[in-house]
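Spelled out from the first residue to the last, the chains are:
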Amino acid sequence: MKSSVLLFSLLLLVTVFSCQEQKEASCCTKPATATATKSTVKTVSGTLPDMSLYQLSSEWQNQAGITQPLAQLKGKVQLVAMVYTHCRYACPRIIADLKRIESSLDEYKRDDVGIVLITMDPDRDTPEKLRQFASANRLDPSRWTLLTSSHDNIRELAALLNMKYKTELDGEISHANIISVLTTTGELVHQQEGLGLDPDETIKSIKAQLQRI
Amino acid sequence: MIQALLIITLIFGGCLVAQAQKSAPAAMVEVAGGTFVPLYGSNNQAVSVPGFLLDKYPVTNSEFEAFLAANQKWKKSEVKKLFADAGYLKHWAGNAEVGEEAEKLKDSPVVNVSWFVAKAYCECQGKRLPTVNEWEYAAMASETKRNAASDPGFYQRSLDWYSQPNPKYLPPVQQSFRNVYGLYGMIGLVWEWTSDYNSALIVGESRANASLDRQLFCGAGSTGASDVKNYVAFMRYAFRSSLKPNYTVTNLGFRCARNASVKVTASR
């Protein structure tokens, strides 16, 4: 009887354990590994406000090919726009608009204001392509960060930036033109929608954020 | 001893059943690939939709409850506002449980869920949300035809549904309209999230400027549309374009999709 009890408990242990193991492997392995490998991000997100875009755990690559979480943008007031480098019409204009805003912020340190371009075309916009684009457009690397990631991660960030975009059958991308202002902790505080607009309101919003630093 | 064996068999059997439910696409339906003209596409050209698998039913309250039991971070008390607004699961009495109304709601589609949590749920099942094109393509089907796009009676049914207020308790998913693919509730039950819901720019020359939206009320909103009579699709596209990813709505749920396995190996 004793041995049968032992056998029973042993079997029970094995079956329960095997079930547990399968369960863990089948459900939500993705988020589990994501948090495990990104402990640094997690500690950062502990101090972030609930509405911070830096709560996203996605990984991005910048124009230097370095992998970074969005939370790395923390600490600066960031101007964010979504573009793609093959774009002939709207994107050059949005970059012109960003430069116009940049030039009005000359008095501020590079450490205080950053400008972020997110590609909507990760298949063609490799980090190398982004680097070439940055140098062709004379984008100061101490101020401008160009980022790419997977289609899913880009779509997710776009949703949070109220950006609508769609790849057309001819490979062009139809997209909204929005310049967003993020606080030093990644909260969206201002958006300017359209091209060639008077940037006064946007500049005012950036300056208000800079005064809080 | 017999009792012990019985218990072991039960546990092991239960585990197998649980596994089978997770891995077998029994609750999914294959939607054969094809082409269609989306309401807002590129110059009214037909787009091709590769074959895919779609959940037979929208996700129910009880299925969502099971998901929350295993995923603490999506409980009402844990979720960040960035990922779900204040109305998240507001029809549930509990923090992670349906609560008092469980009997009435268990088989009803889960609503008041954000895009983020819908996406997380599907990823947890090894699936994904369907794209707008996939969803619209599958929703064109009536009981008898895969493409009921030119069938006025089919549209009328959707219009009739849209014109009715939401019932206090949404009906069980199994009792909803079944189309020719065997998909339930594509119309007549709830609206559903799609992965790229933020892809439609409802403007004439959509590349120009999405802020034109504001000027395109009434008739002008239809300038980019392929079929100006398709009010039903207009309503869906308009509704999607009003959403933000942390929004929760009392009649917005979701179901999951998966690439057809043949396509995956062929394209990768």
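Residues numbered from 1 in each chain as written. Chains lettered and ligands numbered in written order. Predicted model: local features only at pLDDT ≥ 70, side-chain atom pairs only at ≥ 80, totals over all residues. Heavy atoms only, no water.

## Structural notes on the overall build of chain A
If you tally the helices and strands in chain A, you get 7 helices and 9 strands. Considering chain A as a whole, with its 213 residues, one finds that 48% of them fall into the buried category. Taking the intrachain contacts of chain A between residues at least 6 apart in sequence as the baseline, contacts between residues at least 24 apart amount to 71%. (Helix = DSSP H or I, 4+ residues; strand = E, 2+ residues; numbered from the N terminus. Buried < 20%, exposed > 50% of the residue type's maximum accessible area, 1.4 Å probe, protein only. Contact = heavy atoms within 4.5 Å.)

## Some thoughts on the state of the cysteines
Residues and elements named next belong to chain B. On inspection of all chains with the given rule, the structure shows 1 disulfide over all chains. The residue that forms a disulfide with Cys 122 is Cys 256, at a sulfur-sulfur distance of 2.1 Å. Between Cys 122 and Cys 256 the sulfur-sulfur dihedral comes to about -80 degrees; the bridge is accordingly left-handed. A residue pair is termed long-range when its members are at least 10 positions apart, and Cys 122 in helix H4 (residues 115-124) and Cys 256 in the loop between strand S6 (252-253) and strand S7 (257-259) qualify at 134 residues. (Disulfide = S-S within 2.5 Å.)

## Section: the sheet that holds strand S4 (residues 52-55) of chain B
Residues and elements named next belong to chain B. Taken in spatial order, the 3 strands line up as S1-S4-S7 in an open sheet, and their pairing is antiparallel. In this open sheet, the two strands that pair with only one neighbour each are strand S1 (28-31) and S7. Taken pair by pair, the neighbouring strands of this sheet meet at an average axis angle of 25 degrees, ignoring direction. Where S4 and S7 come together, 3 bridges link them in antiparallel fashion. In the strand pairing of S7, Leu 54 is matched with Ala 257. With respect to the sheet, helix H5 (residues 132-139) is in contact with S1, S4 and S7, its orientation differing from that of S4 by roughly 75 degrees. (Pairing = 2+ DSSP bridges. Axes fitted to C-alpha atoms, helices over the stretch in contact; angles between N-to-C directions.)

## Thoughts on unusual backbone geometry
Residues and elements named next belong to chain B. One non-glycine residue, Leu 89, lies in positive phi territory at about 50 degrees. Structurally, Leu 89 can be placed in the loop between helix H2 (61-70) and helix H3 (102-105). Assessed through its relative accessible area of 0%, Leu 89 is described here as buried. Phi at Asn 112 is positive, roughly 60 degrees, even though this residue is not glycine. Looking at where Asn 112 falls in the secondary structure, it is placed in the loop between H3 and H4.

## Here's the deal with the confidence of the model for chain A
Residues and elements named next belong to chain A. Per-residue confidence for chain A gives a mean pLDDT of 83; residues scoring 70 or more make up 78%. The model gives residues 13-27 a pLDDT under 50, and that stretch makes 15 contacts with residues more than four places away or in other chains. Overall, residues 29-45 carries pLDDT values under 50, and its contacts beyond four positions in sequence, including any with other chains, amount to 8 contacts. (pLDDT = per-residue confidence, 0-100.)

## Quick word on the side chain of Ser 176 of chain B
Residue and element names in this part refer to chain B. Locating Ser 176 in the fold gives a position in the loop between helix H6 (152-162) and strand S5 (191-192). For Ser 176, a relative accessible area of 12% translates into the label buried. Within the structure, Ser 176 has its side chain in polar contact with the backbone oxygen of Val 173 (distance 2.6 Å). (Polar contact = N/O pair within 3.5 Å; in protein donor to acceptor, adjacent residues only side chain to side chain.)

## With respect to H5 of chain B
Structurally, the α-helix is built with 3.6 residues per turn, so residues lying three or four positions apart point the same way. Across the 8 residues of H5 of chain B, 7 count as buried, placing the element largely inside the fold. Among the residues of H5 of chain B, those classed as buried are Val 132, Glu 134, Trp 135, Glu 136, Tyr 137, Ala 138 and Ala 139 of chain B.

## Examining H2 of chain B
All names here are of chain B. Every buried residue of H2 is listed here: Asn 61, Phe 64, Phe 67 and Leu 68. All buried residues of H2 fall inside an arc of 115 degrees around its axis, so they share one side. Summarising the contacts, the buried residues of H2 are in contact with H3 and H4. (Arc of directions from axis to C-beta.)

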